[in-house]
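Structure assessment
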Amino acid sequence: MIKGGQNYVSSPPAFSNDGNRVLVCTGNTVSIFSSSTGLQVSSLEGHTAPVTSVVVVPATDILCYCWTSSFDGTVRYWDFSVPETVKKLDLGMPIFSMVIPSFLGSPEENNAKTANVFAYVSVHDGKAWQIRKCSLTNYRKVGKLVLKETERPEPLIISPSGKFLGIKHKRKLHIWKLPRVESDVAVAKKITLHHTKTITVLAFHPTERTVAAGDVTGRMLIWRGFGTQKFLDHSGSNNRISMNDGEDKHGVRQNDDAESCSVWHWHSAGVCLLSFSPDGAYLYSGGTEGVLVLWQLDSGKKKFLPRIGSPLLYFIESPDPSLSLISCADNQIHMLKTPSMEIIKSISGIKPPLSYQEICESFSGKAAFDCTSGLVAVQTENYGIQFYSLLANRGVYEVQVCERNHQPADEVTVAVTLVELSVDGSIMGTVEIKLPEEGVGGLVSLKFWDLDSDTKRFSVSTVIYEPHRDAHISAIAFHPTHRMAVSSSYGGDFKIWVCKEGDIQQKGQALQNSGWMCHAVGSYKNKAMRAATFSADGSVLAVAADTVITLWDPDKNVLMAVVGETPTPIVSLAFAGKSEYLLSVSHGLKPRLSVWSMSKLAMAWSYRLQIEAVSPAIDSSYFAILALLPESNERAFKGNGIILLFNATDPVPVASMSVTKAKGGGLAFLKGDLSERAVIDGKTSQTLLVYINGDREYVIFDPYDKEGHELSIIRQDVPLEETGQFGYSSIYGELPKFDLQKDKTASVISTASERPWETIFTGSTHMLPPLTKLCSVFLESLLEKRTALAE
Amino acid sequence: MAEPLHSSQPKIFPVKPKQKPKPRTQNQTPESKYWSSFKNTQIQNLISVPSLTFSPSSPHPFAAAHSATVSIYKPQNDPLDSPTTTITSFKDVVSSLSFRSDGRLLAAGDLSGLVQVFDVGGGSAAARSALRRLRSHVRPVRFVHYPKLQRLRVISAGDDALVKVWDVAAGDSPVMELRGHRDYVRCGDSSPVDADTFITGSYDHTVKLWDVRVGDSKPAIEVNHGNPVEDVVFLPAGGMVATAGGNSVKFWDLISGGKLVCSMEGHNKTVTSLCIGRIGSGSDEELNQFRVLSVGLDGYMKVFDYSSMKVTHSMRFPAPLLSVAYSPDCKTRVIGTSNGIIYVGKRKIKEEEIEGRVSEKSLFWRIRPLEHTQKKVFRPSHFRYFQRGQGEKPSEGDYLIMRPKKEKLGEHDKLLKNFRHGEALVSVLEGKNPGNVLAVMEELVSRKKLMVCVSNLDAEKLELLLVFLRKYCTVPRYSGLLMGLARKVLKMRVDEIRGSEALKAHIQNLKRSIEEEIKIQQSLQEIQGIISPLLKIAGRR
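Throughout this document, residue positions are counted from 1 along each chain, in the order its sequence is written. Written order determines the labels here, with chains lettered from A and ligands numbered from 1. Reporting of local features is limited, given that this is a predicted model, to residues whose pLDDT is at least 70; pairs of side-chain atoms are given and counted only at 80 or more, and all residues count toward the totals for whole chains, interfaces and linings. Side-chain numbers come from the whole structure's heavy atoms, not from hydrogens or water.

UniProt positions are given in the numbering used here, feature names are shortened, and annotations may be inferred rather than shown by experiment. Its UniProt record, at the heading Subcellular location (unreviewed entry), says of chain B: "Nucleus, Nucleolus".

Description of the overall build of chain B
Tallying secondary structure elements over chain B gives 11 helices and 28 strands in all. Each residue's exposure class comes from its accessible area (1.4 Å probe, protein chains only) as a fraction of the maximum for that residue type: buried when under 20%, exposed when over 50%, partly exposed otherwise. By the burial criterion, 44% of the 541 residues in chain B qualify as buried. Helix and strand assignments follow DSSP, with helices taken as H or I runs no shorter than four residues and strands as E runs no shorter than two, numbered in order from the N terminus.

Here's the deal with the nonpolar core
Nonpolar side chains tend toward joint burial in soluble globular proteins. As used in this record, nonpolar core signifies buried Ala, Val, Leu, Ile, Met, Phe, Trp, Tyr and Cys residues forming a set joined through side-chain atoms within 4.5 Å. Core analysis: the biggest nonpolar cluster contains 38 residues, and B:Met441, B:Leu450, B:Leu465, B:Leu469, B:Leu482 and B:Leu485 have the highest contact counts within it. Among the elements that take part in this core, helix α6 (residues 434-446) of chain B stands out by supplying seven residues, more than any other. Residue contacts are counted whenever heavy atoms from the two residues lie within 4.5 Å of one another. Here B:Leu469 is in contact with B:Leu482, B:Leu485, B:Ala486, B:Val489 and B:Leu510, once residues within four sequence places are set aside. Listed in part, the 28 residues of the second largest apolar core include A:Val22, A:Leu323, A:Val378 and A:Leu670.

Things to note about the packing of helix α8 (residues 459-472) of chain B against helix α9 (residues 476-492) of chain B
Helix packing for two helices is described by the angle between their axes and how far apart those axes are. Residue and element names in this part refer to chain B. Helix axes are fitted only over the stretch in contact, all axes being lines through C-alpha atoms; the angle between N-to-C directions runs from 0 to 180 degrees. For the pair α8 and α9, interaxial distance at closest approach is 10 Å and the crossing angle is 140 degrees. Comparing the axis directions of α8 and α9 gives the class oblique. Between α8 and α9 lies a crossing whose hand is left-handed. Of the residues in α9, those in contact with Leu462, Leu465, Leu466, Phe468, Leu469 and Tyr472 of α8 are Tyr478, Leu482, Leu485, Ala486 and Val489. Amino acids are sorted into nonpolar (Ala, Val, Leu, Ile, Met, Phe, Trp, Tyr, Cys and Pro), charged (Asp, Glu, Lys and Arg) and polar (every other residue, Gly among them). Of the residues belonging to the contact of α8 with α9, the class tally is 11 nonpolar, no polar and no charged. By the definition adopted for this analysis, an angle is roughly parallel if under 35 degrees, roughly antiparallel if over 145, roughly perpendicular if from 65 to 115, and oblique otherwise. Left-handed is the label given to a crossing in which the near helix is rotated counterclockwise from the far helix by less than a right angle, and right-handed is the label when the rotation is clockwise.

Thoughts on the packing of aromatic side chains
Residue and element names in this part refer to chain A. Only Phe, Tyr and Trp rings are paired, with Trp represented by its six-membered ring, and only when their centres lie within 6.5 Å; those with planes under 30 degrees apart are stacked, over 60 edge-to-face, the remainder tilted. Considering all chains together, one arrives at 40 aromatic pairs over all chains under this definition. With a centroid separation of 6.0 Å and 55 degrees between ring planes, the pair formed by phenylalanine 204 and phenylalanine 226 is classed as tilted. Highlighted residues: phenylalanine 204 in strand β18 (residues 199-204) and phenylalanine 226 in the loop between β20 (219-224) and α2 (237-244), separated in sequence by 22 residues. On the basis of relative accessible area, phenylalanine 204 is assigned to the buried category, the value being 5%.

Quick notes on the UniProt feature "repeat: WD" (unreviewed entry) in chain B
All names here are of chain B. Taking the numbering used here, the UniProt-annotated feature "repeat: WD" (unreviewed entry) corresponds to residues 134-176 and 178-220. As annotated, residues 134-176 has a helix share of 0% and a strand share of 47%, and its two end C-alpha atoms lie 13 Å apart. In residues 178-220, helix accounts for 0% and strand for 47%; the two terminal C-alpha atoms are 12 Å from one another.

Comments concerning the pairing of strand β55 (residues 666-670) of chain A
Residues and elements named next belong to chain A. Across the five residues that make up β55, a large majority, five, are buried. By the alternation rule, side chains of β55 split into Gly666, Ala668 and Leu670 and Leu667 and Phe669, which are all buried. By the bridge criterion, five bridges tie β55 to strand β58 (residues 688-692) in an arrangement that is antiparallel. By the bridge assignment, glycine 666 is partnered in β58 with isoleucine 692. In this analysis, strands are considered paired if DSSP registers two or more bridges between them.

Description of the sheet that holds strand β23 (residues 290-296) of chain B
The strands making up a sheet associate through backbone hydrogen bonding, with each pair oriented either parallel or antiparallel. Residue and element names in this part refer to chain B. In spatial order, the strands read β22-β23-β24-β25; together these four strands make up an open sheet with antiparallel pairing. Two strands lie at the open edges of the sheet, namely β22 (271-278) and β25 (310-316), each paired on one side alone. Averaged over all adjacent pairs, the angle separating strand axes in this sheet is 20 degrees, with direction ignored. The sheet contact formed by strand β24 (residues 300-305) and β25 spans six bridges and is antiparallel. If you follow lysine 302 over to β25, its bridge partner there is serine 314.

Details of the sheet that holds strand β7 (residues 105-110) of chain B
Residues and elements named next belong to chain B. Pairing is antiparallel in the open sheet, where four strands are placed in the order β6-β7-β8-β9. Unpaired on one side and paired on the other, β6 (94-99) and β9 (132-135) mark the two borders of the sheet. Ignoring strand direction, the axes of neighbouring strands in this sheet form an average angle of 20 degrees. Summarising the sheet, β7 and strand β8 (residues 114-119) pair through five bridges and their orientation is antiparallel. Note on β8: the bridge partner recorded for alanine 108 is glutamine 116.

Overview of the side chain of A:Ser389
Along the chain, the position of A:Ser389 falls in strand β32 (residues 384-389). A polar contact is formed between the side chain of A:Ser389 and the backbone nitrogen of A:Ala392, at a distance of 3.2 Å. In protein, a polar contact requires one atom able to donate a hydrogen and another able to accept it; more generally it is a pair of N or O atoms within 3.5 Å, and residues adjacent in sequence count only if both atoms are side-chain atoms.

Topic: unusual backbone geometry
Residue and element names in this part refer to chain A. In this structure, proline 83 follows valine 82 across a cis peptide bond, with omega equal to -10 degrees. Phi is positive for glutamate 438, close to 50 degrees, though the residue is something other than glycine. Note that glutamate 438 resides in the loop between β35 (427-434) and β36 (443-452). Residue class for glutamate 438 comes out partly exposed when judged on its relative accessible area of 48%.

With respect to the UniProt feature "domain: U3 small nucleolar RNA-associated protein 15 C-terminal" (unreviewed entry) in chain B
UniProt's feature table lists "domain: U3 small nucleolar RNA-associated protein 15 C-terminal" (unreviewed entry) at residues 392-534 of chain B, given in the numbering used throughout. Helix and strand shares over residues 392-534 of chain B are 76% and 0% respectively, and the end C-alpha atoms of the span are 73 Å apart.

Observations regarding α6(B)
For a helix, the expected span equals 1.5 Å multiplied by the residue count minus one. Over its 13 residues, α6(B) runs 18 Å from end to end, which matches the ideal 18 Å to within 8%, given 1.5 Å per residue. At the exit of α6(B) stands B:Lys448, carrying a positive phi of roughly 60 degrees.

Examining the pattern of salt bridges
Residue and element names in this part refer to chain B. The working definition used for a salt bridge is a side-chain nitrogen of Lys or Arg within 4 Å of a carboxyl oxygen of Asp or Glu. A full pass over the atoms with the stated rule returns 31 salt bridges over all chains. Here glutamate 442 and lysine 18 are joined by a salt bridge, their closest N and O atoms 3.5 Å apart. Placement of glutamate 442 in helix α6 and of lysine 18 in the segment before α1 (30-36) is noted, with a sequence separation of 424 residues between them. For lysine 18, a relative accessible area of 30% gives the class partly exposed. Across the pair aspartate 196 and arginine 213 runs a salt bridge, and its minimum N-O distance is 3.4 Å. Here aspartate 196, found in the loop between β14 (185-190) and β15 (197-202), pairs with arginine 213, found in the loop between β16 (206-211) and β17 (221-224); they are 17 residues apart in sequence, far enough to count as distant. We classify arginine 213 as exposed; its relative accessible area is 56%.

So, α8(B)
Residue and element names in this part refer to chain B. Over its 14 residues, α8 extends 20 Å from the first C-alpha to the last, a length consistent with the 20 Å expected when each residue adds 1.5 Å. Burial in α8 covers these residues: Leu462, Leu465, Leu466, Phe468, Leu469 and Tyr472. For α8, the arc enclosing every buried residue in end-on projection is 160 degrees, short of the 170-degree limit, so these residues lie on one face. It is the directions from the helix axis to the C-beta atoms that the arc portrays.

Structural notes on the environment of B:Met301
Residues and elements named next belong to chain B. Of note, methionine 301 is situated in strand β24. Residues methionine 301 and histidine 60 lie 241 residues apart in sequence; the distance between their C-alpha atoms is 22 Å. Sequence-distant contacts of methionine 301, defined by excluding residues within four places in its chain, comprise Leu293, Ser294, Val295, His313, Ser314, Met315, Phe317, Leu321, Arg333 and Ile335.

This is the structure in structure tokens:
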């Protein structure tokens, strides 16, 4: 079994100490990516429920330890270079968030406290989410002390200095000053800051007592000097009196304990991301509209990285000051070069299903599978198609179907409603719709794409505007061998399209001349046509006209036969491989899966099941269906869906598997040579079935294998490691080796070719990494060189 | 930065008009582009132009025969209306003209049977009276020709079916009289490679190749075109001739004894004239650059590539065409019509072509600039000192770091980018491109802002929009959106429209154009009603 398609952005990722690795929570595992290549290196497996937070233990570059918390109630300590679990603590309650304050702050304090490491966790005790404390070094049980109870889980935010802990709760911020010496009983002092709108995110300033918060309307509030009265208890009472005058407290509400509060407003929609730069001079903010804004704190000047195309979720700084990452809601993690604000790499997860499924009746969120190369094509919110490699578990590339910039906060008016791939994966058909404004300007367009044989990417070949007048397209199907396609519409007709190639002798012109043209139009009693498919040899075209199936000769466009009658309209059709059976699926009040015999032109057998997806095996008469179970049955099957494998001749299923999140799911058989690359316990498996669920997580397995062996893939693409330079060496280049025999010219050449200075100074000078960051590295390298000399 | 930017780099998508369907055969091949690059001007108010010819010597003036006048024009003049020289010493209609190979003498024949030779090298005064009057033909002369490689002789022929060779210097009587044709001789041409051979074509359907060294009135070769021959022309290599007669142009191989090579049947009416055209695209003098230009009474000019045997370009004129000529420097193409208009097509020659010509001709001029290329050393006192080296061109081995190409944004794109929707709409409406207007409207629809924009337009801009609607709302490609929009505009802005006379007038125009369109649709439906039963019957078979 191969799993993939996990969500990369469920919780904030973390950088390793050397900045070369990114630890990303992916479901039950933590995946480790290389920040230089963007490819997965390894993963930490062991949790039995989704991992909710990763905390890397700060240390020198070599040590790679981290703590993770999970909904399964455990906290684990990992050595992620190996990777293996070092320690496991069972808290017994689902953990939503965990922070470890003692890792932060100044090093000398750290040393004193290494004996006892405490973590603050947000756990669920059965009634509400509670913020509690627990010791990680000598764990007995979670501390009794409950800092705060909330109905909904709130992420814990720790200040970079490790002194303050904060959460947002509805329209309030709760901030605790953590005790200087931690123990199970030490109590933290708490203040509360109020706002009139629901707060969505907060961030602490690295050095000052300043906290920033964003709200749902897009405003950002910055409280300076919070907790002057309560946290600075040494300052005496006279100070407090002067504060209580209230005149100096600009913008601070009620009796909130802060010196001033300023409001910044740029974002048009809710703020999702706030982060101070490590030197505290800048503030990064991002929101639903997908623009990263860099604020200069003193002046309020802004710099933008626009058109990221998806709501931003998290912003993480790496130890390398020139690198940071942003997580986006479309399951992408972008590596950002900080001074110049450029995206240099992306960790591309499968894009999430579209949020606007109900935009129109023709919308189909179904993914299309390229069975030969193991790719799945899914629609993305920014009007594109993402091609995702199922075996490598990463996004390969995207094509932009509709050339528009996506504004995530805006109302949806344009959408890619349908994507279909031909059997050999060389042709793609997409349908996009533009919704009219007050009945003016609606548009349906059908696009055919050709696979470029060199680059293996699709490029648009033909655009057809309004192929069925203004009726929406319900389905596209491709001929198995010829370059022929059929599109069926709700307007009651279908069109057969053929691609005419130009003369082959004139190569340059042939490319321009090849295009898709309408070959034939057919309709049956003006009934809405909701599904179409070709038989395995391409000699028969089956089109579902409302409740009956019409069979056509695609070349001559002659109606050959009309089959059957189902109680509700047929929404999906498929031929069962090379056999003589045709499957039809109808939804509605009387859902039905029917199998029709083409030789008798009559129904062979049928089931009353709500079918979500059907996939015939390509070269046998088997087919698999994904059925939604009625809600009453969910308990019995551990999930809301079931995959059944049938032989078309026999109504008794061959195999069955129960699955979760089946709504909106899809099924596909993978083909021949692809499955040879996947090895199950040393044996190759002939048939592989892919199940992709409603959240676009997928699993590949052998449906005939009862025991469900683990599948392992012989990965052909071993991620190559680039030894990226960071810190000192990224600015000034590698330090020259203290080697007297070394040829001098060689070193000159190597530095000249690297040229790190060309890029590092692209930003403004004041945004360069602080010297303090570089200094330690520089000194460290010098020290190492000394020892080398001594030898 | 060695590594290329990742594809997920944010990008701006400019608003683009919808793509139009491409024709399956490209209508603009490079060759047809060349032929349509001749910009037409007209010389009007003449009487039908049966003969046109270019002087072989630069600057290639051309002579046109019209009625009893010959006019010589310089194509470089602009405008072309007035001829540089006019010769009027004819008693009857001039039928044929020919320049001598040096361009200094012009022979002309008229329907009175007289052949005259004029001196056109010496300006208009010298050309008033003929140098020679060659009288021997008793019937109208239809064909006069100076051989291309011969300066002393003139060939003439006419309705008396006789072909005569004259020695211009000697004067009055012809050197030779060739009998052989049995009907009017209409045309002829001399070989471009041999001074002694020429061909004539006649209404007796034959084309005969004559050799002046053989005096016995027997043609060397005779081919039968099958139709009265209107024009013949030697192809530049000299081994082949093209003959025009009836609706066809035929190509004959003379070297193999007069074999038919191919026949071009592109015209619908009689082909009246032929000439050799050349694609003067530059230095490489390849054989396949030569084309045969033919004009016919059907008003078409066709360009025939006889090496690939294809009509490569075809052009229509609104009158029956009688004559065609093409200048040797490939700059001008003239066509004479029966209703007295000469269509002069002039082509602008690209800089490089001219430069190439200049550099070949005047080599010694180039010594001078070389002296100046000595490098000047700038002093810091001069401002150029601070700009030195900025215009440096990269040399061979240099590694070029290209500045990332900036996406070019139109004005409406910039406005849309800044969410200034109304201004964007106005800016495209003021522009000329209806495709862009539609693209911006569609973009506004998908931003749900079109209605707001329309309701906010002030009266002046509303007029713009109404003018646009009137012009384009019946264009099938645009009507889907524009019809709906027009209705909405009327509904929303009814008060303003009632208040203003100008707007009312636009609305009336709009109404009229829609009514016209409805009429067209109805008649189309009628036609469809007539055709569809026929098609059904045809389908049954």
